[in-house]
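Fold and geometry: a report
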Amino acid sequence: MIQAFVWNVGTCRPDAKGEMQVGSPHERESTDAGHRGGAARSSDEGSERGWSKGAALSSFIERTTNNGRILLSEAKPFIISKRLVWEAYKRVKANGGAAGVDGETIAEFGKDLVNNLYKLWNRMSSGSYFPEPVRRVEIPKGDGGVRPLGIPTVTDRIAQAVVKQILEPELEQRFHPDSYGYRPDKSAQEAVGVARQRCWRNDWVLDLDIKGFFDNIDHELLMRAVRKHTESKWVALYIERWLQAPVQMADGARCKREKGTPQGGVISPLLANLFLHYAFDMWMRKNFPHIAFERFADDVVCHCTSEAQAKWARVEIEKRFAECRLELHPQKTKIVYCKDDDRRGNYTHEQFDFLGYTFRPRRSKNRKGEFFVNFSPAVSNEATKSIRKTMREWHLHERSDKSLEDLAGMFNPVLRGWINYFKSYYKSAMYPTFQHFDRILAKWAMRKYKKLRGHKRRAQQWITRIARKQPKLFAHWQLLQGAAGR
């Protein structure tokens, strides 16, 4: 097996693309036994056994063979572990995702997995890896606009995951504790909970919106930050190449990119956090140490003690972002008054949205059963509209070939995800959306059962009876049953 990882230095030659070609007959040899006359096995099995074993050969890096041949990883300019590439593939496979400009899916990549991973490792180790263009996809936004996403190829996503594994542990030690986006052991729910507590303690919120953040990250400033945190030349080299990779539009046209990092890339959230770590987090710590904030990627909420402080902070933050070649959105950035029973002033803005929640004055009940007005988060109107849109797209009422149990198995994972995220704060705001889902189920029942056709109320009552008898069948039924029992 070792022959697959060695080469004869004298037979090395560059190809037309500048890649190093190997004269050895083992240059393209797979670790899969089927390529060596052994028993054939699946690509996943071959990858598990071959690539895990290949990574273990890293202990041979400084050894040479008796015939003067040296291990391939010794001759490469960059030492990259095969295990790192294998772990990167597993993460990309687990996350799924669409195909890039080459049209290759993760399943198709896996058909020749060992050779594909070897080719990627070989190119990354030799410095001859260049990413493909990024496929542009536009996702509709709730406000009528679109959010541009950039979809790299599967190979490029794996390469980015390799670099992320190297860079992320170093950056995690440096990042601000109030940065919550796309970080290990941090979550959006945690950010919402912290914001809720701070809104109770501070009367004012500065709700920041960075205009086109991901599309406007300055490459020069970002690369300066990257090089500050890594001594690995190949890490900086490939990040720079990813930033410069062109964007391929839906019509096939390719656009050169001079700024920004595409949303949709594996490493993009990490790079975005690194950029704002210096552009905002550390700057706030130095210049506004008494103003607490929560930041989830480019979504930022600052807590101020007075309206004057909020206005001052907005002016200074706007100047800071201009220095970093960013811009605050003039309409979406606003100063909000946290109104409740103890804060009864009247101001233009008395609510804001943050991570799918709307923070505003709400009627609540304390432990003594007394009602009061509290400034709290609950699922936003925009989020419920998005959820209902997703429910409509399921066309559930047209699936009359399915049983109720089939439907529960199909949609419970999504329903459960919504419940787990939004139930933490003011969960009753979710009830109307789930009741809407039950009405869709009633439509399904009317199409499936002759005795219910044309009887809307009877179908709804039938769904209600099933929910009482089998409250665990659908993920949301226990939630609604608990509300009805109070």
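How each quantity is defined
- The written sequence of each chain sets the order in which its residues are numbered from 1.
- Thresholds applied to this predicted model are a pLDDT of at least 70 for local features of residues and 80 or more for the giving and counting of side-chain atom pairs; totals over whole chains, interfaces and linings are not thresholded and use all residues.
- Only hydrogens and water are set aside when side-chain values are computed; all heavy atoms of the structure are taken into account.
- Nine residue types can take part in a nonpolar core, namely buried Ala, Val, Leu, Ile, Met, Phe, Trp, Tyr and Cys, and a core is a set of them joined through side-chain atoms within 4.5 Å.
- Think of it in three bands: with a 1.4 Å probe and only protein chains considered, a residue is buried below 20% of the maximum accessible area for its type, exposed above 50%, and partly exposed in between.
- Secondary structure elements are defined from DSSP: runs of H or I of at least 4 residues count as helices, runs of E of at least 2 residues count as strands, and each element is numbered from the N terminus.
- Contacts were defined at the residue level, with two residues in contact if any of their heavy atoms lie within 4.5 Å.
- Only centres within 6.5 Å qualify two rings of Phe, Tyr or Trp (six-membered ring in Trp) as a pair; their planes then separate them into stacked at under 30 degrees, edge-to-face at over 60, and tilted for everything else.
- We count a charge as sitting over a ring when the NZ of a lysine or the CZ of an arginine lies within 6 Å of the ring centre and within 35 degrees of the ring normal.
- One bridge is not enough; two strands pair if DSSP finds at least two bridges between them.

For the rest of this paragraph, the subject is the nonpolar core. Core analysis: the biggest nonpolar cluster contains 71 residues, and Met124, Ile158, Ile239, Phe280, Cys302 and Ile317 have the highest contact counts within it. With ten residues, the top contributor of residues to this core is helix α11 (residues 268–287). In contact with Met124, other than residues within four places in its own chain, are Phe78, Ile80, Tyr129, Ala159, Val162, Val163, Trp234 and Tyr238. In this structure, Phe296, Ala297, Leu415 and Ala445 belong to the second largest nonpolar core, which totals 56 residues.

Inspection of the secondary structure puts Ile466 in helix α16 (residues 456–469). On the accessibility criterion, Ile466 (14% relative accessible area) is buried. Ile466 sits eleven residues away from Trp477 along the chain, and the two C-alpha atoms are 9.8 Å apart. Ignoring anything within four residues of it in the chain, the contact list for Ile466 reads Leu404, Leu473 and Trp477.

This paragraph deals with the packing of aromatic side chains. The description of an aromatic ring pair uses the distance of the two centres, along with the angle that the planes make with each other. Evaluated as defined, the whole model comprises 30 aromatic pairs. Residues Phe280 and Phe321 carry aromatic rings whose centres are separated by 6.0 Å and whose planes lie at 35° to one another, so their mutual orientation is tilted. Of this pair, Phe280 sits in helix α11 while Phe321 sits in helix α12 (residues 307–323); the two residues are 41 residues apart in sequence, bridging distant segments of the chain. One exposure class covers both Phe280 and Phe321, and it is buried. With a centroid separation of 5.3 Å and 50° between ring planes, the pair formed by Tyr357 and Phe422 is classed as tilted. You can see Tyr357 sitting in strand β14 (residues 357–365) and its partner Phe422 sitting in helix α14 (residues 404–422), a full 65 residues away along the chain. The exposure classification of Tyr357 matches that of Phe422, with both residues buried. Ring pairing ties together the aromatic residues Trp394, Phe411, Trp418, Phe437, Phe474 and Trp477, which thus form one cluster. When the ring centre of Phe130 is taken as origin, the NZ or CZ atom of Arg241, which lies over that ring, is 3.8 Å away. Taking the ring centre of Phe371 as reference, the NZ or CZ of Arg363 above it sits at 3.7 Å.

What the four strands build is an open sheet, ordered β6-β5-β8-β9; its pairing is mixed. Every other strand in the sheet has two partners, leaving β6 (146–151) and β9 (254–255) as the edge strands with one partner each. For strand β5 (residues 134–140) and β6, the ladder comprises six bridges, and the chain directions are antiparallel. Opposite Ile139, over in β6, you have Arg147 as the bridge partner.

That's the geometry; what it means functionally is another story.
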